[in-house]
Structure formats: structure tokens, C-alpha cells
Amino acid sequence: MQLTTKKTALVGLAAALSLTAIVARADTSAAGEYRWVTFAVFAAVILLTMYITYVAAKRVKSASDFYTAGGGITGLQNGWAIAGDYLSAASFLGIAGLISLYGYDGFMYSVGWLVAYITVLLLIAEPCRNIGKYTLSDILAYRNDPRKTRIVGALSVITVSTFYLTAQMVGGGVLVKTLIGIDYEVSVLVVGILMLSYVLFGGMVATTWVQIIKAVLLVAASVLIVMLVWTPYGFSLPAFMADVIGDAKVQARVATLLGDAAKNMTPAELGQRFLEPGLYFKAPVDQISLGMALVFGTAGLPHILMRFFTVPTAQQARKSVVWAMVIIGGFYVLTLFLGFGAAKLVGPGNIAAVDAGGNMAGPLLAQFIGGGPNSFFGNFMLAFVSAVAFATIVAVVAGLVLAAASAMAHDLWVGVVHGGETVAPQQQVRAARIATVIVGAMAIAIGIAAKGQNVAVLVALAFAVAASANFPCVLLTLYWKRCNTTGIVAGMIIGTVCAVGLTLVSPNLTYPKAVKAAAHKVLDGEVAKRASIAAAMESGDAARMALASRDTINLDKAVKKANGDLKKFEGQETSFMGLEKPLFELKNPGLFSIPIGFLAVILGSLLGRDKRAEDMWDEVYARQNTGILASKATTH
Amino acid sequence: MAKSDSIDWAAVIADPRFQQLHRKKTAFLWGLMAFSVIYYFLLPVGAAYYQDLFKIKVWGVLNVGLLFALSEFVVAWAIALYYSHVANRDFDRLAAEIAADFVKRAGG
């Protein structure tokens, strides 16, 4: 252990030094004279997490320590860690961004992320704690054929984690690049190495504490910003909102989004429209489908399920979900203010100019509220939020890598290759560490290879697979007497294939033919549009002229994009899957793939026979409800 | 500690206290689950098909849609707190009683 601890310290120090050196040299968004602030805040956050890993490394002796922190985490700690694991950059920066750009729809989007935890709380968390040990497949293998269910379970866990991981690595790389100005490849590498050093040396203990620290920093930063944004309005919600929608920048944004429909609307009507649905979500069924994937998918996310094995009892598991819901929900309520505050103070146009997805809304608001780009406090706030965003990516990635590595080492290597026979504890920990290095290296490689790809769809896909394969299997094996091996194998395979397959033929992919057709339409209409703009310019009416000059900018942009698209897709007619147009119209497959996943488990179970699954039902049901013999915190 | 095969699991299931726990939990959990799912999906359905209702201003510039979205948070928290209250009060006591009894019978 002495050796490992020393190694941790060395790696940690090296990582901290190299990152801070990179940050110091980088062309940051902070003004030159304040670069040392960014440097200092990043160094402080990294050194803090490294110190924790150093302390944690001494405590990781067994496989149980590595995978589940020996079951010794309390409910409150686990609640913060779940929040830290769950509030990825996509929800932390992305939702504030969506609200700042699209108003109401962005806020509505955040609701599903919280409601998801009701499913976890009522149906999944406590039984998992009572039945499981380290992984999702432990639950499936309890009454079903351990070999078969571990193979399909591990494959599904690795699939979900890889989708989610790729999205996080690519998103993280872009984000770190935007926030502190270092190269994309370097960002991915730094995130990967830092995450690997936490997981490799500190296992679940270090991962948990990194997630807790990140969640605390995130909430603290948000509370501070919201206080600064909201105080001038005497903490009145209607007064704040009225000021937001009375802002010309917000009204101009709504006018741009609505296009021709905005022609006859007054500024006040445009502002009010920002608080009404429909600016972002155009297809209601799509949104319901996405809602289903969120509400049922969270309960099937391996890195979230794994967190329930870190607490000693079902009561603590329950307590941890309630805390997580308070923290996550509270955070999304704060996001309401972050998003609308950014729209009012920074302006949707300025936010979209830095990042089209709105990811920079939170950081830009922090900088503004601290006093702007030329003040110490403004740069301190920007650096602080950037450091929190960085910690967020690392913490989420660490949780995902641990989940994938446990499926590889515990389910496939110990469970399947060694047939579940007792593998020496030292060897189990070594297997876990080797798997961690494999998954971590893979994450870095995929992250770099997927540079420039649109990966947002991968997060939706991870939730869809979790909801269509993992969730039906876990739920039915815990609650349905007839459920058996055939059902689990069928559900895992059909649920996954269905979710992935439907996504591959969905509108999420790029269809060159359609893109080119749209581009031609823009170019064909250009002459007529220029003529009408010119006419407006000569009309002498100030309002019409202002509109016309805005139209010119938009038209120039559209023409440039159309020409770019035509060049990019020259000679291409079909999508990656060889299709000219989507076969399936929904962006999220949940509405179809979730019922199909359930149906597969049910039909498979009814068609198959499995004596063990029947015999073990009494034990599974008694255990999941009473916690008899549930493994308590490991004592050394 | 008692071993898994030393406990008569069929007897646990047949125990009247377990049956009581099972009945209480089943009705309570699935009822609460159904309510929360329906309440959640009212939001996207309302935003899509009842836009006129969602646009009615209620509190200053705040409209029905915004207040309804905020109520989702309050309802989610209320469900979580209500569930833990009932579980801490009823389910845990029954579960602990059954567990202690059967582990003792198995000679643990």
C-alpha cells in the first residue's frame, strides 16, 4: 500500500502541475492580468481532490472498498455524491443555457431530470441495496442463470457507460477548451488522466468524495450567483421575471426564433412569449418520448445504481435518494434564475455567439455579476465556475468509468471467466484496477477520435438504452414472480438493439440529401429576399429599416451556412446508415423501445422455463423487502 | 451470522407480518408511482396541447405553465418526504421485526 500511496502523490502532483502550467500559458477568456486567478482557482480545486485521493488510497484494500467504499458511506454523503454524479455538464451548463436561449421550454426540460428520482426512490434504490453487491448484474444474477445474465448485463452496462462517457469526454473537451482556452486534445487528455488517477488509486472512496466536493462547490457557486442576481428585486419572483421579459435583448431573441410570426407582435407580447411553451420543443410526442426515457432511464443508469451499494442499509439508501432529490431539485430551481438572469444580463445573442448550445450562459453570467471581464471579482467568479465545470466533468466521468470497470472485472472476469468461484481478494482488486485503466484509456481514445462530432444524441441514447433494457430487467426480476433468465436475456438484447436501432434511423443523424435541399432553397430564395430587404431599407420607416438590417445579418448567415453545407456534403446522398431520410420520426426512441423492452422480458419469461428463478423467488422477494442478511458495511 | 440456506424463505413469505408488509407496500408504492408519473406527464402534454391554458397570467407576468412547472418540484419533494415518512414509520418496523425473528430461528 505504501507504494500505491506514493504513486498517487506523484501522479497527483504531476497532473496538478502540468494542468496549472497549461492553464497559465493558455489563452484564457479572462483578461491577461487576471490569468493568475484562473490558475490559482484551478490549482486549488485539483490539489484538494488529489489530497482526497491520497487519503482514500490508503483505505482501498479489498474489492468491496474499491467498488463500493466498503458500504461505509452515509445517506447524507451519498445524497451529495448522487447529485455530484448526476449533475453532468449537460444538465449544469446545458439547462441554464437552454433557459437563457429558449425561456420556458428550457425550464420544463429540467423537470424530468428530478422526477426521474421518484422511480429510483420508490421502486429501485432499497431493493437494490438489499439484494446487490457491486453491480447491476449482481441483481439480475441473483435468481437467474448467473453466467448468461452477467454477460448480457455487463454488455448493456458497458454500452450505456460508453455512450454516456463519449458524450462527457467530447462535451468536456469542448467545454474545457472554451473555458480556459487549451487545445481540445489536451483537454481530453487532462480530464482522462485526472479521472484515472482518482479511480485507479482511490476507487469508490475517492470517486465519492470528488463527487461530493464537486456538488458542494456547484451548489455554493449557484447560490452565490442567484443571490447577486435576485437581490435587486427584493427576492420577488414576478418582479424579476417582469424585468427579464421587458429586456430588449430577450424580446429580440424571441423575434428571431419566431421569424415571420413575430411581425405583428408588440415588444411586450414578444417578451411574454419567452415564458410560454413551444420555442424549443416543436414536436410534442418527441418530448413525451424524451420524458419517458428520463423518468425510467435514470433508474437503469449503472453509475447511479452503483451508488446504492455504497451505503450500509436500505434506510440509508432511501435517505440518500431523498437528499439527492432535495439537492438536484434545488439546483434546478436555482438554474431557473441562472438561465433567465443570463438572458437579461448577458443577452441570448451574446451567449449564443460564444457557444451555439448556450453552454456558456452560466460562466458568462458569473463573470458579469462579479463586475465584468475587467474586474478582479468578475474573473474570480468566471474562474470559479469554470473550475466547478471542470470538476463536474471529471467527477461524472470517474463514476462512469468505475461502473464500466466493475462490469468488466467483477461480472465478466470474476463472474463469467472464473465462474463466480472465489478469486483471491488481492487479485480482484488488481482486476478492477486493470479494467479501470482499459476503460479510461478507451475513454480518452474515443474522446479524441470523436472530435467535432455532435454527441448530444449519445446522452439521450444512454438514457434510452437504460430505460428500455436495464430498467425492465431490474424491475421485473425484483417484482415479478414469473421473471426468469430467458426474459432477462431477451429484454437486455431486444431493449438495447431496439433503442440503438431506432436512434440510428432517426432524425438525429445527418441526412445530406435533406440538408442540401434546404441549402438550395435558401440560395434560391436569396435574390427575392435581398430585393424585399432593399425595398424596406428605402422605405424611410425606422422600425422597418431596423428589422431589415437584422434580416440582412440573418440572411448572410443562412447563405454562408448553405454554401458550407453544399460543399461539405458534395457527392453524399445518404446518412451514415445509408438512408436518404429518417425511417423513424422521433428523436428519442423511448416511447416505442421502453414498451418493447418490457414486452421482451415478459414474453421471454413466459416462453422460457427456469427452475432456479422460480425456486429463488421467495428468497429474492423476502430479502428485497426485509433486508434479511443484506451485506452490511465490511469490517476489516 | 446466519447463512442464506439456513433461512426458510417460504416461511418468511407465508408469515402474516410479511403478507401485511407486502400488501401495504404494494398498494402504497404503485399508487404513489402512478400518481407521480401522471402528474409529470401532465406538464409536456399541457405544454403541447393546452397552450392557451398555460399562457393565462396568474401572478404578475407568471403564467399557469410556469407555476405548474414549479409545482412539479414541490410535488416531487412532497412525494419523496411522504414516502420516507411512511416507510420510516411502518415498513422499517415490520421489516426489522421479521428479519430479527427469522435470523434468530435460523440460529444466527
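Everything quoted here is computed from the prediction, not taken from an experiment.

What counts and what doesn't
- Throughout this document, residue positions are counted from 1 along each chain, in the order its sequence is written.
- A letter from A marks each chain and a number from 1 marks each ligand, given out in the order of writing.
- pLDDT decides what is reported in this predicted model: residues at 70 or higher carry local features, side-chain atom pairs at 80 or more are listed and counted, and totals for whole chains, interfaces and linings draw on all residues regardless.
- Runs of E in the DSSP output that reach at least two residues are strands. Runs of H or I that reach at least four are helices, and both are numbered from the N terminus.
- All radius of gyration figures rest on C-alpha atoms, and the globule criterion is 2.2 Å times the number of residues raised to 0.38.
- Partly exposed residues are those whose C-beta has more than 12 but fewer than 20 other C-beta atoms within 10 Å; 20 or more makes a residue buried and 12 or fewer makes it exposed, with C-beta atoms placed from the backbone.
- Remark: residues whose backbone-derived C-beta atoms lie within 7 Å of one another are considered to be in contact.
- Residue polarity is assigned by list, with Asp, Glu, Lys and Arg as charged and Ala, Val, Leu, Ile, Met, Phe, Trp, Tyr, Cys and Pro as nonpolar; anything else, Gly included, falls into the polar class.
- A helix's residues, less one, multiplied by 1.5 Å, set its expected span.
- Connectivity within a nonpolar core runs through C-beta atoms within 7 Å, and the core itself is a set of buried Ala, Val, Leu, Ile, Met, Phe, Trp, Tyr and Cys residues.
- Note on geometry: axes are lines fitted to C-alpha atoms, helical ones only across the stretch in contact, with angles between N-to-C directions running from 0 to 180 degrees.
- Roughly parallel covers angles under 35 degrees, roughly antiparallel covers those over 145, roughly perpendicular covers 65 to 115, and oblique covers all other angles.
- Handedness of a helix crossing follows the sense of rotation of the near helix relative to the far helix, less than a right angle counterclockwise being left-handed and clockwise being right-handed.

Enquirer: How should I be thinking about the overall build of chain B in this particular structure?
Expert: When helices and strands are tallied, chain B shows four helices and two strands. Reading the helices (α) and strands (β) of chain B from amino to carboxyl end gives α-α-α-β-β-α. Taking 108 residues into account, the globule formula puts the C-alpha radius of gyration at 13 Å, and chain B, at 22 Å, lies well above it. Taken along the three principal axes of its C-alpha coordinates, chain B extends 65 × 20 × 20 Å. Counting only residues that meet the buried cut, chain B has 27% of its 108 residues in that class. Here the contacts in chain B between residues at least 6 apart in sequence split such that 63% fall between residues at least 24 apart.

Enquirer: Just to check I follow, could you spell out the interface of chain B and chain A for this structure?
Expert: Where interface size is given, it is often the accessible area lost as the parts come together that is meant. Residue-level contacts link 50 residues of chain B with 41 residues of chain A. Considering every element that reaches the side of chain B that touches chain A, the biggest residue donor is helix α4 (residues 64–105) of chain B, with 19 residues. Looking at the side of chain B that touches chain A residue by residue, the class counts come to 38 nonpolar, eight polar and four charged.

Enquirer: Whenever I open this one, helix α5 (residues 89–102) of chain A confuses me. Can you help?
Expert: An α-helix turns once per 3.6 residues; consequently, residues spaced three or four apart project the same way. All names here are of chain A. Taking 1.5 Å of rise per residue, 14 residues should cover 20 Å, and α5 covers 18 Å from first to last C-alpha, within 8% of that figure. Among the 14 residues that make up α5, 14 are buried, leaving the element largely enclosed by the rest of the structure. Immediately downstream of α5, the backbone of G103 shows phi near 65 degrees, a positive value.

Enquirer: Explain the nonpolar core to me, please; I cannot follow it from the model alone.
Expert: Proteins that are soluble and globular tend to have nonpolar side chains buried together. All names here are of chain A. In terms of nonpolar packing, the biggest core is built from 245 residues, with L114, I328, V394, V397 and V401 touching the most fellow members. At 28 residues, the largest contribution of residues to this core is made by helix α18 (residues 376–417). Those residues in contact with V401 that sit more than four places away from it in its chain are M195, V199, T436, V439, G440 and A443.

Enquirer: Any chance you could explain the packing of helix α9 (residues 184–230) of chain A against helix α19 (residues 425–449) of chain A here in plain terms?
Expert: In helix packing, the relevant descriptors are the interaxial angle and the interaxial distance, both defined with respect to the helix axes. Residues and elements named next belong to chain A. Two numbers describe how α9 lies on α19: the axes approach to 9 Å, and their chain directions differ by 165 degrees. If you check the angle between α9 and α19, you find them roughly antiparallel. Handedness of the α9/α19 crossing: right-handed. Residue-level contacts link E185, V188, L189, G192, M195, L196, V199 and L200 of α9 to R433, T436, V437, G440, A443, I444, G447 and I448 of α19. In terms of residue class, the contact of α9 with α19 is made up of ten nonpolar, four polar and two charged.

Enquirer: I keep staring at the environment of L200(A) and nothing clicks. Help me out?
Expert: All names here are of chain A. Among the secondary structure elements, L200 is positioned in helix α9. Given 26 C-beta atoms within a 10 Å radius, L200 is considered buried. When the C-alpha positions of L200 and L402 are compared, they lie 9.0 Å apart, and in sequence the two are 202 residues distant. Contact partners of L200, with chain neighbours within four places excluded, come to R433, T436 and V437.

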